[in-house]
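Summary of the model geometry
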Amino acid sequence: PTPTPGDGTTATIVFNQQGYTNAQSVDGKEIKVDDNVTIVFKKGSASTAPAYYDASNGIRMYQNGATLDVTANGKTITAIEFTFDYQQWYIGADSGTLSAEGDVRTWTGEATAVKFTSTGTDKNHRAYVKQLKVTYK
């Protein structure tokens, strides 16, 4: 059976609580959510590197292929809840199921790592990630 969100340990990161300065790049930097969960934003095939912006209180993943890797140190990730800003939630996942577009989207599945890629093709279709909540077991 598919696990439901809430089963297991939950780790949350709120990006406006991380001490970033406005327009600070996070490209390729490993960000620890807790002792098991790490995330890495990358420029990927986008033209601009992902960065934190005060206006959206989050990380801007630019259109055309910016990526976000979520790994759980050998644990099994069962859910990842995203909170977005500006009604820009344009991402896809390399596995599992991602809920319908909206300011909160939830990935469900079973994986030790999940890669998300920005799917928008213009400046009005980026992903502004304010918060991530990762559930794993």
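Below or above, wherever it landed, is the structure these notes cover. Fair warning: this is a prediction, and the values are worked out from it, not measured in the lab.

Here is what the cut-offs are and how they apply
- Residues numbered from 1 in each chain as written.
- Predicted model: local features only at pLDDT ≥ 70, side-chain atom pairs only at ≥ 80, totals over all residues.
- Heavy atoms only, no water.
- Pairing = 2+ DSSP bridges.
- Helix = DSSP H or I, 4+ residues; strand = E, 2+ residues; numbered from the N terminus.
- Polar contact = N/O pair within 3.5 Å; in protein donor to acceptor, adjacent residues only side chain to side chain.
- Core = buried A, V, L, I, M, F, W, Y, C linked by side-chain atoms within 4.5 Å.
- Buried < 20%, exposed > 50% of the residue type's maximum accessible area, 1.4 Å probe, protein only.
- Contact = heavy atoms within 4.5 Å.
- Phe/Tyr/Trp six-rings, centres within 6.5 Å; stacked < 30°, edge-to-face > 60°.
- Lys NZ or Arg CZ within 6 Å of the ring centre and 35° of its normal.

1. Structural notes on the pairing of strand β6 (residues 58-61)
In this sheet, β6 lies alongside strand β5 (residues 51-53) in antiparallel orientation, the contact comprising three bridges. Following the sheet pairing, Y52 is matched in β6 by I59. Here β5 folds back onto β6 in antiparallel fashion, the turn holding four residues, of which N57 has a positive phi close to 55°. Of the strand pairs in this sheet, β6 and strand β13 (residues 127-136) are connected by three bridges, and their pairing is antiparallel.

2. Concerning the side chain of N36
Looking at the secondary structure, you find N36 in the loop between β3 (30-32) and β4 (38-42). At 3.2 Å, the side chain of N36 and the side chain of Y136 are in polar contact.

3. Focus: the nonpolar core
Ranked by size, the top nonpolar core spans 38 residues in total, and within it F15, I39, F41, I80 and F116 carry the most contacts. Those residues in contact with I39 that lie beyond four places of it in its chain are I13, F15, K29, E30, I31, V33, L68, D69, V70 and L132.

4. A closer look at the environment of G58
Tracing the backbone through its elements, the reader meets G58 in strand β6. Each C-alpha atom of the pair G58 and G8 lies 26 Å from the other, and the pair is 50 residues apart in sequence. In this structure G58 touches F15, A51, Y52, Y53, V129 and K130, once residues within four positions along its chain are discounted.

5. Let's talk about the packing of aromatic side chains
For the coordinates displayed, the defined rule picks out six aromatic pairs. With a centroid separation of 4.8 Å and 80° between ring planes, the pair formed by F82 and F116 is classed as edge-to-face. Here F82, found in strand β8 (residues 77-89), pairs with F116, found in strand β12 (residues 113-118); they are 34 residues apart in sequence, far enough to count as distant. A connected cluster of aromatic rings, assembled from ring pairs, spans F82, F84 and F116. Cation over ring: R60 sits above Y53, and NZ or CZ is 3.9 Å from the ring centre.

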